[in-house]
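# Residue-level structure breakdown
The chain contents come next:
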Amino acid sequence: MNSVQSDERTGDRSVAVVRVADTQWHAVEDDRVVGRGDASHRPDGRLFVSVDAWHGPVFDRIAAALVADLPAPLYTVVDEADEESTTAWQRAGFTIGRREWGCLVPTDPEVTGLGPVRPPAGVTIVPAGEAEEAPLRALDRVVRAEVEAGAGWRTMPAEVLPRPAWSTMADPSKYAVAREADRYVGLVRVAPLTRQPRIGLIAVRADRQRRGIARALLAHALGSLHHSGTASAWTEIDEANPAAIALFEGIGARRAGATLELVRR
């Protein structure tokens, strides 16, 4: 979490920033911890940092320590509406790398228009929890390689999930897949979060795109949520991804906020 308030009562000269672990820093004033900094590697390998400090000067001291101690590039994420935090990171040399829209997605087929949508001929949808793990993991690797060869995986919605170091998938049971003949060609991941389910990923192999498979996967996922009594889901979309924007806005998704990814190179 990034947090900063423009209160100048705590001066930066009396604050000492101490690295207390490989990925943790404390700002100390008069033997009191007045701020914290953290660093963590995302599954895609990028290094993200965060600062939690009430006073602006303390934030600046911790951010400076992070920049000095860690190799570039460094990344952080802030709510676009949080101008204080954005400005504070910009003082530390960070610039806006990309914007990610947060969207509320209706699940009712009468609203989305996805009720009549069916998979293209020869394609079937395998519900979440029923996919075979080995071919699912193979599809995930193919999709990730194709994304990285194109726009780059870093353009996908930022998501931190606990997972083994050797795996790109935290929980295969969250994936529904599209199967054509004897192989999986598309997938959708829905995390059944308590407050609101989250559509974390929808992807189709490059050689099977533009056939309606992604739309069919989305119809299945949202229809299942609607059947279970869930009125809406949440998803994030990179503003530079016109295909994803068109797909979700076409079914009535509504923008409900934005996140900025900042980078210091």
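Note that the structure is predicted; figures quoted are calculated from it, not measured.

How each quantity is defined
Residues numbered from 1 in each chain as written. Predicted model: local features only at pLDDT ≥ 70, side-chain atom pairs only at ≥ 80, totals over all residues. Heavy atoms only, no water. Buried < 20%, exposed > 50% of the residue type's maximum accessible area, 1.4 Å probe, protein only. Helix = DSSP H or I, 4+ residues; strand = E, 2+ residues; numbered from the N terminus. Pairing = 2+ DSSP bridges. Arc of directions from axis to C-beta. Salt bridge = Lys/Arg side-chain N within 4 Å of Asp/Glu carboxyl O. Core = buried A, V, L, I, M, F, W, Y, C linked by side-chain atoms within 4.5 Å. Contact = heavy atoms within 4.5 Å.

## Some details on the pairing of strand E10 (residues 183-191)
- The element E10 is extensively covered by neighbouring structure, given that 8 of its 9 residues are classed as buried.
- Examined bridge by bridge, strand E9 (residues 175-180) and E10 share 6 bridges and lie antiparallel to one another. Residue pairing in the sheet places valine 177 in a bridge with leucine 187 of E10.
- As defined by bridge partners, E10 adjoins strand E11 (residues 198-204) across 6 bridges and the pair is classed as antiparallel. Paired with alanine 191 across the two strands is arginine 198, which belongs to E11.

## Brief notes about unusual backbone geometry
- Cis geometry is found at the peptide bond from alanine 72 to proline 73, where omega equals 0 degrees.
- For proline 73, the position within the fold is in the loop between helix H1 (56-69) and strand E6 (74-79).
- At aspartate 30, a position not held by glycine, the phi torsion is positive, near 50 degrees.
- For aspartate 30, the position within the fold is in the loop between strand E3 (24-29) and strand E4 (32-41).
- You will see that arginine 210, though not glycine, has its phi angle at about 65 degrees, which is positive.
- Within the secondary structure, arginine 210 is located in the loop between E11 and helix H5 (213-227).

## Concerning helix H2 (residues 83-91)
- Those residues of H2 not exposed but buried are Ser85, Thr86, Ala88 and Trp89. Relative to the axis of H2, the buried residues are bounded by an arc of 160 degrees and lie together on one face.
- Backbone geometry just downstream of H2 places glycine 93 in the positive-phi region, at approximately 95 degrees.

## What to know about helix H6 (residues 242-249)
- Turning to H6, its buried residues are Ala244, Ile245, Leu247 and Phe248. Axial view of H6: buried residues confined to an arc of 165 degrees, hence all on one face. Facing away from the buried side of H6 by over 90 degrees, the exposed positions are Pro242, Ala243 and Ala246.

## Overview of the pattern of salt bridges
- Going through the model one piece at a time under the given rule, you end up with 16 salt bridges.
- Among the ionic pairs, arginine 183 bridges to aspartate 207, the shortest N-O distance being 3.3 Å. Here aspartate 207 lies in the loop between E11 and H5 and arginine 183 lies in strand E10, a separation of 24 residues in the sequence.
- The class of aspartate 207 is partly exposed, set by a relative accessible area of 42%.
- Aspartate 207 is the partner of arginine 205 in a salt bridge, and the nearest nitrogen-oxygen pair spans 3.3 Å.

## Thoughts on the nonpolar core
- Grouped together as the largest cluster of nonpolar side chains are 30 residues, with contacts concentrated most on Ile199, Leu218, Leu222 and Phe248.
- Of all elements in the fold, only strand E7 (95-106), E9, E10, E11, H5, strand E12 (232-238) and H6 reach the threshold of two or more residues within this core.
- Element by element, the count of residues in this core is highest for H5, at 8 residues.
- If we ignore the near neighbours within four places in the chain, the residues touching leucine 218 are Leu114, Ile199, Ile202, Leu247, Phe248 and Ile251.
- One finds Phe59, Ala65, Val67 and Leu262 within the second-largest nonpolar core, a separate group that totals 25 residues.

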